[in-house]
Amino acid sequence: MKKRIIYLLISILGVSQLAQAQDLSVHGTVFDENGGPLPGASIVVKGTTIGAQSDFDGNYSIEAPSNATLIFSYIGYQTIELPVNGQTSINVDLQISASELDEVVLIGYGSQKKSDLTGAITSLASDELNKGGAISNVGQAIQGKAAGVVVTQNSKAPGGSTSIRIRGSNSISSTNEPLYVVDGFPTESGIDMNPDDIASMEILKDASATAIYGSRGANGVVLITTKRAKAGQSDVSFNTYLATQKVVNPFNMLDGQDYMQLANALYKEIPGQENQENGVYTQSQLNSTVNTDWIDATTRNGLIQSYNFQFRGGSEKTKVLSSLGYFDQAGILKNTNFSRVSGRVNVDQEISDRVKTGVSVMAQRESSNYQIYDGNILNSNVLYSILTYDPTVPIYNADGSFGRPPGGRGDNPLANLIARENEVQKDKFNGSMYLELTIMEGLKARFNAGTEIRHDQLGAYLSKDSYQGSIDGGVANVSDHSLTHNLVEAFVTYDKTWNVKHVFQLMGGYSYEKYINESKGVNVYGFSTDLYGFNNLGAASTISGVSSSKSENLLASFFGRVNYTFDNKYLFTVTVRADGSSRFGEDNKWGVFPSGSFAWKLINEPFMENQNAFSDLKLRAGYGKTGNERIGNYASYGLISNTQYTYDGNTNTSGTILNSSSPENSKLKWETTSQYNVGIDAGILDNRVTFNIDGYYKKTNDLLIRINLPMYSGYTQGLNNIGAIENTGLEFGIESKNFVGDFTWNTRLNLAMNRNEVLNLGDQTEILLTSSKPIGNVSEENYATIRVGEPLGSLYGYKYIGVLQAGETYSPQPNSVPGDPKFEDLNGDGIITSDDRDIIGSAYPKLNFGFTNNFTYKNFDLSVFFYGNVGNDLLNMTRMNMEWNRTVASLNRWTPQNTDTDLPRNGFFYSQYGGYINSHFIEDASFLRLQNLTLGYTLPLKTDIFNSFRVYLMAENLFTITNYSGWDPEVNTKAYENDQLVKYGGNSQTANAGAGMDFNSYPTMRAFTFGLNVTF
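Remember, predicted model here, so these are calculated numbers, not experimental data.

Novice: Even after reading the chapter, I still don't get the sheet that holds strand 7 (residues 92-93), so can you show me in this structure?
Specialist: One key point about sheets: their strands pair by backbone hydrogen bonds, in either a parallel or an antiparallel sense. Ordered by their spatial adjacency, three strands build an open sheet running 4-1-7, and the pairing between neighbours is mixed. Here the strands that pair on one side only, and so sit at the sheet edges, are strand 4 (59-65) and strand 7.

Novice: Looking at this structure, how should I read the packing of aromatic side chains?
Specialist: The description of two aromatic rings rests on the distance between their centres and on the angle between their planes. Per the counting criterion, the structure on display carries 42 aromatic pairs. With centroids separated by 5.3 Å and ring planes inclined at 25°, the aromatic side chains of Tyr396 and Phe402 adopt a geometry described as stacked. A residue is classified by how much of its surface remains accessible, and Tyr396, at 44% relative accessible area, is partly exposed. Summarising the aromatic geometry, the rings of Tyr867 and Phe927 are spaced 5.6 Å apart at their centres and angled 90° between planes, so their arrangement reads as edge-to-face. Of this pair, Tyr867 sits in strand 43 (residues 860-870) while Phe927 sits in strand 46 (residues 927-938), placing them 60 residues apart in sequence. One exposure class covers both Tyr867 and Phe927, and it is buried.

Novice: Before we go on, may I ask you to explain the nonpolar core in this structure?
Specialist: A general trend in soluble globular proteins is that nonpolar side chains are found buried together. Ranked by internal contacts, the top residues of the largest apolar core, which has 48 residues, are Tyr783, Ile786, Leu875, Met877, Met880 and Tyr916. Elements with a contribution of two residues or more to this core: helix 4 (256-267), strand 33 (689-708), strand 35 (743-761), strand 36 (766-770), strand 37 (782-787), strand 39 (800-803) and helix 10 (877-885). No other element matches the five residues that helix 4 contributes to this core. Other than its neighbours up to four places away in sequence, Met880 contacts Pro774, Leu875, Phe909, Tyr916, Ile917 and Phe921. With 20 residues, the next largest nonpolar core counts Leu129, Ile191, Ile198 and Ile203 among its residues.

Novice: What should I look at first to understand the pairing of strand 20 (residues 337-350) in this one?
Specialist: The side chains of a regular strand alternate between the sheet's two faces. With 13 bridges connecting them, strand 19 (residues 318-330) and strand 20 associate as antiparallel partners. Each bridged residue has a counterpart across the sheet, and for Leu324 the counterpart in strand 20 is Gly343. In sequence, strand 19 turns back onto strand 20 through a hairpin of six residues, with Asn335 there showing a positive phi of about 65°. Where strand 20 and strand 21 (residues 355-369) come together, 14 bridges link them in antiparallel fashion. Opposite Asn337, over in strand 21, you have Asn369 as the bridge partner. Remark: four residues form the turn of the hairpin made by strand 20 and strand 21, two consecutive strands paired antiparallel.

Conventions adopted
Residues numbered from 1 in each chain as written. Predicted model: local features only at pLDDT ≥ 70, side-chain atom pairs only at ≥ 80, totals over all residues. Heavy atoms only, no water. Pairing = 2+ DSSP bridges. Helix = DSSP H or I, 4+ residues; strand = E, 2+ residues; numbered from the N terminus. Phe/Tyr/Trp six-rings, centres within 6.5 Å; stacked < 30°, edge-to-face > 60°. Buried < 20%, exposed > 50% of the residue type's maximum accessible area, 1.4 Å probe, protein only. Core = buried A, V, L, I, M, F, W, Y, C linked by side-chain atoms within 4.5 Å. Contact = heavy atoms within 4.5 Å.

What follows is the structure in structure tokens.
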């Protein structure tokens, strides 16, 4: 009987427990801090993979055991946990995290709360980046979004290069591009990744933040965190858009008749040809009615397509994200395009409470058919041809062949585009893994390892339909470049809090990296058919060139950081990194880069308790040293070069000689940048308005500069540490929540000013940089100077003061005739010579800014983004040719009947005095651009299939306010020339100091986009 009672009690208890654990359908609404619905909030059953998201109205529904706990979370809001306790209806009010100051940001080998930062760091979330339309890389995504970060798109061509300058330029001969660190892996190709994979970015700007990266931190560091899955999350997102682009043409071109008449008139300006009426075009040619608009003939409406799929799923133990993206852009120039296929898998696995591991794998292929848009005047430069070609030449002849000018020499612009294959394929792979061990409370060890492989293939073919191709029987070249980058690093972190007031964090580690570069190339000509293109070099009759190379470099590092906070008021950070690089001389293999910073949270002081002006207030100050080691792998060694000898005057014999520009230098060392930074972070009105102000001073010593060597040394040039340069600047950023509730309006504004000055060039006071030729029968001229006491990007030439009029005598130019250009006698010696050249412009802006306004009302959202520069100049070498004989402006040249003009009778190329590089072609390139206008609508749609569904329209470059007369005020020809897509091993010195030239740049365009953002 007793047993039966016991069994009965056990059965009752079991039923009771079963009833308690029964699944319930729990529903409710998630509200924000203002009582409005919060769509997209995450609801997870604690300890399970069961999860849901709130819909557009904040409503949710989830199956959960009656004794479970629900976790409610949303980005920027405090996470809360609530027990179900058998309830079927639970409403939740989420509160914003303390003015978002509890947001965690990356700082390099770790993270910190935003409120605890002591350095100058800008943090950008994924939804704050520029996306859509022609945005194809990281640089474009952050343009105008961070104070002190100047992004210049060197070329608007599909896949065109982008330059980023963080707080000015520090180097003359090395790169000024920042270091990219993607999910902890340092890379120089991070700028090219798919922007849709990015979860957040931190831009480290001052030395106290970047010194942890030592010899690679001088130009700033961009930390990129890719998207990862979260516990309880399970969804698929699909983002796509279609955009069309149209050329914005600022040029008013001469028609065929005016062009011929002007050509004959200019010919008569040549001494001795004054009476020659038809020196260029005969009377019968003047009867031609051909009038080809070469801009119209070579351009089209561009088309952009983008598709991005992403899957996220996970439990508390395992989290997986996978993504696949495709981007395709058909350029506005015919036969130009760019495409990218990218894939990513991120896996995080919690093996136990003490062991975590993860893997990140990315693969990407970029393909493009490009043309040359640099500063040369070769026939292969399609933009030069388009803007200067004879409009009296037909596109096609009657027989279908391409039209050519009288004499049949050279190709017309469309033939240049169609008959040239220039294909680039760039493959990138990055795989990394981590293992994190919690050794004891507060003590963690992390091991990272990874590899990056890049493989670039360039293939070009000039068909026999082209002029040069018909002479050589088809010309082909193929080159192949590869990089393998291996990384192994380990570091430990120890966190400890004593007596609540004392908070320590110590971090120390070791890193080892190895880079292997290889390249090879073959040039051939003489094909029997064009069918092979560059895919069968063996079919060519002649090999005109063969090359190959291999180089390696190593970087070993020790690094550490100490963070200490006292009473949540006083924060100290000290970092140090020691780098050893194989690139430098035996006497200077290692460099040490320390930094220290301090922050004072005034808002937490007792004397601030009774004030109402500030809701947050913090002062920051820091100092540190960083380096720049990105030079040639064997720059400190005496190198040898290939050559050809002849002993009998007929036969060439291959050999090697000492390279006359690479002497051994065992003392070669790092460029070192010392930087001071002071800043203030503040908030008012309960942090509805937050702002920060930073001031900095940077000085870079031991600049690596090539200097001329005396002949008796046996060398012509050598690389030495001899110079110094400084940057001083001020940055300001403000964010405001102007309206909250059903209608929201948020504003973000950033402003930055930077002043650059060359302090020392060793024994030199000036280094002159040379321009490209504007036309074939004149010589190159100096166009920029690196001068002590002046900034980089100083444009250099003659000061133009007008046209010599009839009856006027100008003694410094005694042989000039009426209609000739006049130049100022700057040195006062009574004659115009090369000594009368001086600085006539500055390439870098005095102020740059970005201004974003975001509005929402119920289901609608609107974003308006402006950005611009103020105070920078451009040397418009494109106009130099256009104004002479291609645009209607040339009809306003000086003649005896048209004297009220500033255009010389025959341009500037053939003047006996001065030169074509002069102040007449220096233009103010300041601009304000409405870069992006986006209107979106989120459908009130939540079904078993859709979690969210948003459609949007976007317009790019709706208008630009500028006085610049070229395609676009935002170009840099020399930086484009240095891009590896065009030339492997460009001239960094010219790219850095020679900014400010516009010659043959790619046309600008206006774009309109329709897009979808769908989550399943």
